[in-house]
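# Remarks on the overall topology
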Amino acid sequence: MEGAIREYYSLLTESDKQEYNSLRQSLTSSECRNCRHKRLENFNDMLQRIHKYINKNDGDDWKRALVCGVCWISDGIAINTHQLSYLLGKCKSSINGSLHKLQYSPFPSSNQASKELMEIIPRLKSNFAELRQWTLRKHVIMTPQPNIIHEVTPTSLTPVPQIDFDPSSALPVQTSTEVASVGSAEPFFDDDYMLPFQQWANIDE
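Looking up the chain in an unreviewed UniProt entry gives the name Initiator binding domain-containing protein, with the organism given as Trichomonas vaginalis.

Written as structure tokens, this is what we have:
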């Protein structure tokens, strides 16, 4: 048992020490560690067992939280990975990965969260170095994103010919009055000043 762990462990009562030893022996057992297909549920069960051990409302909750490296606060959970790693027999990266899968995301420590942590564990008020070993994590519920349907306007694959039409270039359309006047006009050769067509034909004779 290392220095800091031994120091925190010495704060416990004899009954709490015995219960801590039994808890650690159970959490580090091969039976508990080799649940390959239920690692997430297994880690969540570990946290629940630690929570049950810590929170007894007998005035020594902060001591058990200190030695276990876990403290539940109103806005999430505070973790001391060094202490928790010893209790679970897991490395730091494994603990962080399991917390991430349980949707506990790290967030910057606020004055309110730090103050609440120091109120639960009074020892941290006068020891800034120990306080820095704790990280805060907030339980984030992932909201499923709605499916957005994009409407696509159908377009024809066959190009439509473009016709440039200039109204000023259109042929004039004869009105019914103009057509009637043309039909009622006198024959061309009835004009007194026009030569008969028969005379044109006999010029060379």
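## Quick notes on the overall build of the chain
Within the chain, the secondary structure is distributed over eleven helices and four strands. The burial tally for the chain puts 27% of its 205 residues in the buried class. When the accessible area of the chain is evaluated, it comes to approximately 15,300 Å², of which 53% is carbon and sulfur surface.

## Notes on the environment of Leu-11
Mapped onto the elements, Leu-11 comes out in the loop between α1 (3–9) and α2 (14–27). When near neighbours in sequence (up to four residues on either side) are disregarded, Leu-11 contacts Trp-62, Lys-63, Leu-66 and Arg-123.

## Focus on the sheet that holds strand β4 (residues 135–139)
Taken in spatial order, the four strands of this open sheet run β1-β2-β4-β3, and their pairing is antiparallel. Each edge of the sheet is formed by a strand with only one pairing partner; in this case those strands are β1 (70–73) and β3 (104–106). The average angle at which neighbouring strand axes cross in this sheet is 30 degrees, direction not considered. Relative to strand β2 (residues 76–79), β1 runs antiparallel, the two being bridged by four bridges. Each residue of the ladder has a partner; that of Trp-72, found in β2, is Ile-77. Against the sheet, helix α8 (residues 111–120) touches β1, β2 and β4, its axis set at about 120 degrees to β1.

## Considerations on the pairing of β4
Side chains on a regular strand alternate between the two faces of the sheet. As paired elements, β2 and β4 share three bridges and run antiparallel to each other. Pairing of Ile-77 across the sheet is with Arg-137, part of β4. Relative to β4, β3 runs antiparallel, the two being bridged by three bridges. The residue bridging Pro-106 from the neighbouring strand is Arg-137, located in β4.

## Overview of the pattern of salt bridges
Scanning the entire structure with this criterion turns up nine salt bridges. Across the salt bridge formed by Arg-123 and Glu-130, the nearest N and O atoms sit 3.0 Å from each other. What emerges from the salt-bridge pattern is a single network uniting Asp-16, Glu-19, Lys-56, Asp-58, Asp-61 and Arg-64.

## Re the packing of aromatic side chains
Taken as a whole and judged by the stated rule, the model has two aromatic pairs. Between the aromatic rings of Tyr-20 and Tyr-53, the centroid separation amounts to 6.5 Å while the plane-to-plane angle is 50 degrees, which identifies the pairing as tilted. Separated by 33 residues along the polypeptide, Tyr-20 in helix α2 and Tyr-53 in helix α4 (residues 39–54) bring together distant segments of the chain. Under the relative-accessibility criterion, Tyr-20 is labelled buried at 1%. By relative accessible area, which is 2% here, Tyr-53 ends up buried. Among the aromatic residues, ring-to-ring pairing joins Tyr-9, Tyr-20 and Tyr-53 into one connected group. If you follow Arg-24 out to its NZ or CZ, it ends over the ring of Tyr-86, 3.9 Å from the centre.

## Notes on the side chain of Gln-83
One can find Gln-83 in helix α6 (residues 81–88). For Gln-83, the residues in contact, after removing those within four places along its chain, are Ala-4, Ile-5, Tyr-8, Leu-66, Val-67, Cys-68 and Gly-69.

About the criteria used
- Residues numbered from 1 in each chain as written.
- Predicted model: local features only at pLDDT ≥ 70, side-chain atom pairs only at ≥ 80, totals over all residues.
- Heavy atoms only, no water.
- Helix = DSSP H or I, 4+ residues; strand = E, 2+ residues; numbered from the N terminus.
- Buried < 20%, exposed > 50% of the residue type's maximum accessible area, 1.4 Å probe, protein only.
- Areas by Shrake-Rupley, 256 points an atom, 1.4 Å probe, with all protein chains shown as cover.
- Contact = heavy atoms within 4.5 Å.
- Pairing = 2+ DSSP bridges.
- Axes fitted to C-alpha atoms, helices over the stretch in contact; angles between N-to-C directions.
- Salt bridge = Lys/Arg side-chain N within 4 Å of Asp/Glu carboxyl O.
- Phe/Tyr/Trp six-rings, centres within 6.5 Å; stacked < 30°, edge-to-face > 60°.
- Lys NZ or Arg CZ within 6 Å of the ring centre and 35° of its normal.

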